Amino acid sequence: MIPTRNAAVIHRQTGRMTVAALAISQTIGYGTLSYAFAVLLEPVATDLRTSTTAVTGALTANVLTAATLAIPVGRLLDRHGGRALMTTGSLLGVLMLVAFSGIRNLWQLYLVQIGIGAAGAASLYEAAFAVVIAWFSAERRAAALLSLTVVAGFASSIFLPLTGWLTDAHGWRATLLVLAAIHTVTVPLHALTVPHPHRPRAATAAPPSTGTVRAALADPGFWLLAAGLTAHTAAVSALTVHLVAALVSWGHPPSTAATIAGLLGVLSVAGRLLTTGLQRRFRTATVTAVVFGVQAAAALAMPVVGATTAGAIGAVIGFGIGFGVATIAKPALLAERYDISRYATLAGALVVPTTLAKATAPLAAAWLHTATGSYTGVLIAVAVCCTLAAAGIGSRAGSR
């Protein structure tokens, strides 16, 4: 009994250490590989003598690369575990950030962003989630994933203002070298703490029933959910990339704009906690639709009140309260209507439209800004997307 008890203790301790390390690595990874881009958008475009639309297109290449690699990366994780893959992804991220600092042409930016997309696919959330799910029992997975996502939710709050301050003080090229040095921390975290692959837990789940899946796909409610989540993804993706530039265009210094935008990370955590609490009294669809509606109102208010610090902060708070809600709403909404044992299959059907929205919305927003010469049209489009999302999700509240 003692060896068994000791093994259980070691297993729990290893799990805690893994979650702590992954929480740190995901915070750093999302901050350096993802959120920093929003702050660097304008200075990179200016230095390369190109438009923000062209620079934003590199982010689209990043997102599409990560989506393309999702399935092969998943197979590698299933077969070999996460240690080697996540360590390699971290190393690639460091190299790409260093390469980013030295680009001289637009095509080089696109190559670097493709590399960053590959690094993210191998080392960010999807890989980290696979490690956690493989290690923890069903009873402990939820707490482990919550701990991981709550900490990583502060990535934007840390790295948006940090990147803004560094850019103001030292320029964007030196900033990227500093970010690369910070990202180096993730290499030993993954190499030393991600567990080796081990015997998988009991595979008791039955394979997905094609009949059940077909019935769900034939349900109009499923496609309303898909449309709502896709519209919301487009809104959040566009605003995340362009918020700093919009605030700067309204007269805020870059460091102030980055600090205000950094509130989104804290608010994403607060929004998830608020939504989870409200779900105890109201249906998930109703709560989610109301939150998306608040975001629409906040987006419309931004061009009106965003020139003042108080107004900008208030509008960002209104939008940010729903920033991370879709992440927790999707599984709950699927579970309310469909067989939860088919969640992975049904959730997979939502990946393509939401990924395309995430990839193309910032580019479309950049084009709209270039065409109109203002971010007002962009914010109106964001508000329309949030309104459509609220309508799509809310229409499910009255039916099952």
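Residues numbered from 1 in each chain as written. Predicted model: local features only at pLDDT ≥ 70, side-chain atom pairs only at ≥ 80, totals over all residues. Heavy atoms only, no water.

### Comments concerning the packing of helix α14 (residues 284-305) against helix α19 (residues 376-394)
A pair of packed helices can be characterised by two numbers: the angle between their axes and the separation between those axes.
Right, on to step 1. For the pair α14 and α19, interaxial distance at closest approach is 8 Å and the crossing angle is 165°. Our classification of the angle between α14 and α19 gives roughly antiparallel. The crossing of α14 and α19 is left-handed. Across the interface between the two elements, Ala-285, Thr-288, Ala-289, Phe-292, Gly-293, Gln-295, Ala-296, Ala-299, Leu-300, Met-302 and Pro-303 of α14 pack against Thr-376, Leu-379, Ile-380, Val-382, Ala-383, Cys-386, Thr-387, Ala-389, Ala-390, Ile-393 and Gly-394 of α19. (Axes fitted to C-alpha atoms, helices over the stretch in contact; angles between N-to-C directions. Helix = DSSP H or I, 4+ residues; strand = E, 2+ residues; numbered from the N terminus. Parallel < 35°, antiparallel > 145°, perpendicular 65-115°, else oblique. Left-handed = near helix turned anticlockwise from the far one by under 90°. Contact = heavy atoms within 4.5 Å.)

### Let's talk about the nonpolar core
Right, on to step 1. By size, the foremost hydrophobic cluster in this structure holds 44 residues, and its most contacted members are Leu-243, Met-302, Phe-319 and Leu-379.
Right, on to step 2. Residue contributions to this core peak at 10 residues, all from helix α11 (residues 220-249).
Right, on to step 3. Residue contacts for Phe-319: discarding those within four places in its chain leaves Ala-235, Val-236, Leu-239, Gln-295, Ala-298, Ala-299, Met-302, Val-382 and Cys-386.
Right, on to step 4. One finds Leu-59, Phe-100, Ile-116 and Ala-180 within the second-largest nonpolar core, a separate group that totals 26 residues. (Core = buried A, V, L, I, M, F, W, Y, C linked by side-chain atoms within 4.5 Å. Buried < 20%, exposed > 50% of the residue type's maximum accessible area, 1.4 Å probe, protein only.)

### Points about empty space enclosed by the protein
Right, on to step 1. Going through the model one piece at a time under the given rule, you end up with two cavities of 30 Å³ or more.
Right, on to step 2. The set of elements that each furnish at least two residues to the lining of the largest cavity consists of α1 (2-48), α3 (83-101), α4 (106-123) and α8 (172-183).
Right, on to step 3. In terms of residues, the lining of the largest cavity owes the most to one element, α1, which gives six residues.
Right, on to step 4. Of the residues assigned to the lining of the largest cavity, the class counts are nine nonpolar, three polar and no charged. (1 Å grid on protein atoms, 1.4 Å probe; cavity = no way out; pocket = protein on both sides within 12 Å on 5 of 7 lines; lining within 4 Å. Points joined across faces, edges and corners; volume = space filled by probe spheres on them. Nonpolar A, V, L, I, M, F, W, Y, C, P; charged D, E, K, R; others polar.)

### What about the confidence of the model for the chain?
Right, on to step 1. For the chain, mean pLDDT is 83; residues scoring 70 or higher make up 85% of the total.
Right, on to step 2. Within the chain, α8 carries the highest mean pLDDT (97), whereas helix α17 (residues 343-349) carries the lowest (57).
Right, on to step 3. Counting interchain partners and residues more than four positions distant, the pLDDT-below-50 stretch residues 198-210 has 13 contacts. (pLDDT = per-residue confidence, 0-100.)

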